[in-house]
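# Coordinate inspection notes
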Amino acid sequence: MTEAAVRILLCDDHAVVRAGLLALLGSEPDIEVVGEAGTGEEAVAMAAKLRPDVVLMDLQLGPGIDGVQATRSISATGIHVLVLTTYDTDADIARAIAAGATGYLLKAERPEELFAAIRAAAQGRTTLSPPVASRVMNQMRGAAPPTLTARELDILAQLAQGLGNRDIARALFISQATVKTHLGRIYDKLGVDTRAGAVAVAKEQRLLS
């Protein structure tokens with residue numbers, strides 16, 4: 001291990017994924033894994049203790065704070081965070097970058113791309129997977145913010161209260177099939193694929209009163 005080795009903290013809730021990354025990164029003489037975290041809370045605590053050069057962060061971490069929240073806390077301390085995830089929706093990308101992520105890489109990338117991204121992140125340089133870069137560019141070209149109908153906003157408000165499709169249908173006096181149709185349109189407009197994602201984006205864009 002060289003003195004100039006990039007010190008890495010891994011954060012992923014799957015032990016098998018962490019083991020694979022540990023073996024992969026161990027093949028590079030200038031990269032040293034100094035810790036592993038399985039939750040967002042662990043990542044924040046270990047980053048404060050170990051002060052790595054880069055935290056390799058997954059977005060979906062199970063119960064507790066997610067990767068975006070952990071990224072926000074860690075990047076605020078001056079430590080670089082490189083997101084490594086399978087998720088590439090507009091909402092996930094926007095939230096991670098807004099939280100201070102230095103780079104955003106997809107797990108489908110080749111190992112050489114990961115190594116290069118880690119070294120770039122250690123120097124504070126941004127690296128984005130090609131699909132992610134394309135989405136970011138499209139957003140920067142002035143894509144208009146999503147416009148939701150009054151009914152879609154009503155359903156979003158019910159989602160934010162944690163109601164399921166049946167309860168939403170009852171509350172709004174519509175069928176469950178209609179709820180599902182509206183949900184599909186909401187997901188498309190917000191660039192998400194989960195109920196939690198829809199609520200998170202709606203809050204960030206102040207779509208919920």
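Structure report, in brief. (Residues numbered from 1 in each chain as written. Predicted model: local features only at pLDDT ≥ 70, side-chain atom pairs only at ≥ 80, totals over all residues. Heavy atoms only, no water.)

Let us now look at the overall build of the protein. Per the secondary structure count, the protein includes ten helices and five strands. For the protein, the spread of C-alpha atoms along the principal axes amounts to about 65 × 35 × 30 Å. The 209 residues of the protein split such that 41% are buried. Contacts in the protein between residues far apart in sequence, at least 24 positions, make up 64% of those at least 6 positions apart. Within the structure as shown, the protein displays about 10,700 Å² of accessible surface, and the carbon and sulfur contribution to it stands at 54%. Separation between the mean location of the 21 positive side-chain charges and that of the 24 negative ones in the protein comes to 8 Å. (Helix = DSSP H or I, 4+ residues; strand = E, 2+ residues; numbered from the N terminus. Buried < 20%, exposed > 50% of the residue type's maximum accessible area, 1.4 Å probe, protein only. Contact = heavy atoms within 4.5 Å. Areas by Shrake-Rupley, 256 points an atom, 1.4 Å probe, with all protein chains shown as cover. Lys, Arg positive; Asp, Glu negative; His and termini not counted. Charge placed at Lys NZ, Arg CZ, Asp CG, Glu CD.)

Our focus in this paragraph is the pattern of salt bridges. This model, assessed by the stated rule, comprises nine salt bridges. Measuring nitrogen to oxygen at the nearest pair gives 2.5 Å for the salt bridge that ties Arg119 to Glu28. Residue Arg119 is located in helix α5 (residues 111–122), and its partner Glu28 is located in the loop between α1 (15–25) and β2 (31–37); the two are separated by 91 residues in the primary sequence. Among the residues examined, Arg119 registers a relative accessible area of 27% and is labelled partly exposed. Given the relative accessible area of 18%, Glu28 is considered buried. For Lys189, the salt bridge is made with Glu152, and the minimal N-O distance between the two is 2.9 Å. Here Glu152 lies in helix α7 (residues 150–160) and Lys189 lies in helix α9 (residues 176–190), a separation of 37 residues in the sequence. What makes Glu152 buried here is its relative accessible area of 2%. (Salt bridge = Lys/Arg side-chain N within 4 Å of Asp/Glu carboxyl O.)

Turning our eyes to something else, we now look at the pairing of strand β1 (residues 6–11). Burial within β1 is extensive, with five of its six residues counted as buried. As judged from the six bridges shared by β1 and β2, these two strands associate in the parallel manner. Bridge pairing in β2 places Ile8 opposite Val33. Handedness of the crossover joining β1 and β2 through α1: right-handed. Taken together, the four bridges between β1 and strand β3 (residues 54–57) define a ladder with parallel strand orientation. Paired with Ile8 across the two strands is Val54, which belongs to β3. (Pairing = 2+ DSSP bridges. Right-handed = clockwise from strand over helix to strand, strands pointing away.)

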